[in-house]
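In case you want the letters, here they are:
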Amino acid sequence: MTIAFQKFDQFVEDAWKGVHNLSTGALKLALCAAANAPVAGNSQLGDLTQINYANLSTRAITTVSCEQLSGTVRLLLTDHVLTASGTVAAFRYIVLYNDTPSGDPLLGFWDYGGSLTLLNGETLSLDFDGSAGAMYCS
Amino acid sequence: MITHGYLIESRTDANGRGVNFRLCVATEARAKEVADSVPGRTWRQVPIGELRDVERANLLRAVGEAP
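Remember, predicted model here, so these are calculated numbers, not experimental data.

Criteria and thresholds
- Residues numbered from 1 in each chain as written.
- Chains lettered and ligands numbered in written order.
- Predicted model: local features only at pLDDT ≥ 70, side-chain atom pairs only at ≥ 80, totals over all residues.
- Heavy atoms only, no water.
- Helix = DSSP H or I, 4+ residues; strand = E, 2+ residues; numbered from the N terminus.
- Buried < 20%, exposed > 50% of the residue type's maximum accessible area, 1.4 Å probe, protein only.
- Contact = heavy atoms within 4.5 Å.
- Areas by Shrake-Rupley, 256 points an atom, 1.4 Å probe, with all protein chains shown as cover.
- Phe/Tyr/Trp six-rings, centres within 6.5 Å; stacked < 30°, edge-to-face > 60°.
- Lys NZ or Arg CZ within 6 Å of the ring centre and 35° of its normal.
- Polar contact = N/O pair within 3.5 Å; in protein donor to acceptor, adjacent residues only side chain to side chain.
- Salt bridge = Lys/Arg side-chain N within 4 Å of Asp/Glu carboxyl O.
- Buried area = accessible area lost by both parts, 1.4 Å probe.
- Nonpolar A, V, L, I, M, F, W, Y, C, P; charged D, E, K, R; others polar.
- Pairing = 2+ DSSP bridges.
- 1 Å grid on protein atoms, 1.4 Å probe; cavity = no way out; pocket = protein on both sides within 12 Å on 5 of 7 lines; lining within 4 Å.
- Points joined across faces, edges and corners; volume = space filled by probe spheres on them.

## Some remarks on the overall build of chain B
Turning to step 1, where the next piece is worked out: Looking only at helices and strands, chain B has 2 helices and 4 strands in total.
Turning to step 2, where the next piece is worked out: Counted from the first residue to the last, chain B has its helices and strands arranged as β-β-β-α-β-α.
Turning to step 3, where the next piece is worked out: Burial status across chain B gives 45% buried among its 67 residues.
Turning to step 4, where the next piece is worked out: Summarising the internal contacts of chain B: among those between residues at least 6 apart in sequence, 51% fall at separations of at least 24.
Turning to step 5, where the next piece is worked out: Summing over all exposed atoms, chain B offers an accessible surface of approximately 3,400 Å²; the carbon and sulfur share of this is 51%.

## Comments concerning the environment of N36(A)
Residues and elements named next belong to chain A.
Turning to step 1, where the next piece is worked out: Locating N36 in the fold gives a position in the loop between β3 (27-32) and β4 (63-69).
Turning to step 2, where the next piece is worked out: For N36, a relative accessible area of 31% puts it in the partly exposed group.
Turning to step 3, where the next piece is worked out: Along the sequence, N36 and Q50 sit 14 residues apart, while their C-alpha atoms lie 8.0 Å from each other.

## Let's talk about the packing of aromatic side chains
Turning to step 1, where the next piece is worked out: Applying the stated rule across the entire model yields 6 aromatic pairs over all chains.
Turning to step 2, where the next piece is worked out: Taken together, a centroid distance of 5.6 Å and an interplanar angle of 65 degrees make the contact between Y112(A) and F21(B) edge-to-face. One end of the pair, Y112(A), is in strand β8 (residues 106-116); the other, F21(B), is in strand β3 (residues 19-25), on a second chain. Like Y112(A), the residue F21(B) is buried in the burial classification.
Turning to step 3, where the next piece is worked out: A network of ring pairs unites the aromatic residues F5(A), W110(A) and F128(A) as a single cluster.
Turning to step 4, where the next piece is worked out: Looking at R74(A), its charged tip hangs above the ring of Y136(A), at a distance of 5.2 Å from the centre.
Turning to step 5, where the next piece is worked out: Looking at R41(B), its charged tip hangs above the ring of Y112(A), at a distance of 4.6 Å from the centre.

## With respect to the environment of D111(A)
All names here are of chain A.
Turning to step 1, where the next piece is worked out: Its location among the elements puts D111 in strand β8.
Turning to step 2, where the next piece is worked out: In this structure the side chain of D111 is engaged in a polar contact, spanning 2.7 Å, whose partner is the side chain of R92.
Turning to step 3, where the next piece is worked out: A polar contact of 2.8 Å, which involves the side chain of D111, links it to the backbone nitrogen of G113.

## Comments concerning the pattern of salt bridges
Residue and element names in this part refer to chain B.
Turning to step 1, where the next piece is worked out: Taken as a whole, this structure holds 10 salt bridges over all chains when the rule is applied.
Turning to step 2, where the next piece is worked out: Close ionic contact of E28 with K32 constitutes a salt bridge, the shortest N to O distance being 3.0 Å. With E28 and K32 both in helix α1 (residues 28-37) and 4 residues apart, the pair spans about one turn of that helix.
Turning to step 3, where the next piece is worked out: Residue K32 is classed as partly exposed on the basis of its relative accessible area of 37%.
Turning to step 4, where the next piece is worked out: Here the salt bridges do not stand alone but share partners, grouping E9, R22, R44 and E55 into one network.

## Looking at the interface of chain B and chain A
Turning to step 1, where the next piece is worked out: Facing the 31 residues of chain B at the interface are 32 residues of chain A.
Turning to step 2, where the next piece is worked out: Of the roughly 2,500 Å² buried where chain B meets chain A, counting both sides, 53% is carbon and sulfur surface.
Turning to step 3, where the next piece is worked out: Inspection of the chain B/chain A interface yields 2 salt bridges.
Turning to step 4, where the next piece is worked out: For the salt bridge of E122(A) with R30(B), the shortest nitrogen-to-oxygen distance reads 2.7 Å.
Turning to step 5, where the next piece is worked out: Our enumeration of links across chain B and chain A arrives at 9 residue pairs in polar contact (both at pLDDT 80 or more).
Turning to step 6, where the next piece is worked out: Among the secondary structure elements, those contributing two or more residues to the side of chain B that touches chain A are β2 (11-12), β3, α1 and α2 (53-62) of chain B.
Turning to step 7, where the next piece is worked out: Residue contributions to the side of chain B that touches chain A peak at 7 residues, all from β3(B).
Turning to step 8, where the next piece is worked out: Within the side of chain B that touches chain A, the residues separate by chemical class into 13 nonpolar, 9 polar and 9 charged.
Turning to step 9, where the next piece is worked out: With 6 bridges joining them, strand β9 (residues 123-128) of chain A and β3(B) adopt antiparallel strand pairing. Each residue of the ladder has a partner; that of L126(A), found in β3(B), is F21(B).

## Some points on the layout of surface pockets
Residues and elements named next belong to chain A.
Turning to step 1, where the next piece is worked out: Considered as a void within the structure, the largest pocket measures approximately 480 Å³ in volume.
Turning to step 2, where the next piece is worked out: Counting residues per element, the lining of the largest pocket draws most heavily on helix α1 (residues 9-16), at 4 residues.
Turning to step 3, where the next piece is worked out: Broken down by class, the residue content of the lining of the largest pocket amounts to 13 nonpolar, 2 polar and 3 charged.

Functional significance is not addressed by these values, which are geometric in nature.
If you want it as structure tokens, here you go:
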């Protein structure tokens, strides 16, 4: 089963107007329950209804690079592991946002495909594509 | 003493973008529960020694075993 990255509409405008520097911005994950699905018109973190993050490890993402090659810019991210130290509230949507600019603008999100509750000791690894990138623009 | 972990994985989209989600759980019943709740998702058993360090360490911690 494939999981596609769905960008938010506002992201493309933000990218062209200098809101984002994805090479230096502090990217983070936000998690939303099945009943609170993100929509294309969301633009900032405050537009989302997030889960309670008790018992969940850090959601901060490490950027490897954001560089162009032959006219295509790729956002390469370090693989990230979400670890549960107890039961974590159920979520389905995993949102990527930029924690650096004011308002925490959104980039896009992934749909896990179903509601997931992490139990103590369970890990959810996000293996980002190290070649194609988590997202790209050409 | 646990000897295996269980993985439920997904794949990137057709263009290779996106992310592979890799969930590691401790029991077959749990793996089936998660896989059954998400269309198209399957699970597999993996010897504890073949899991990633972080996966193994957390499973062992959760069951009270030393890594």
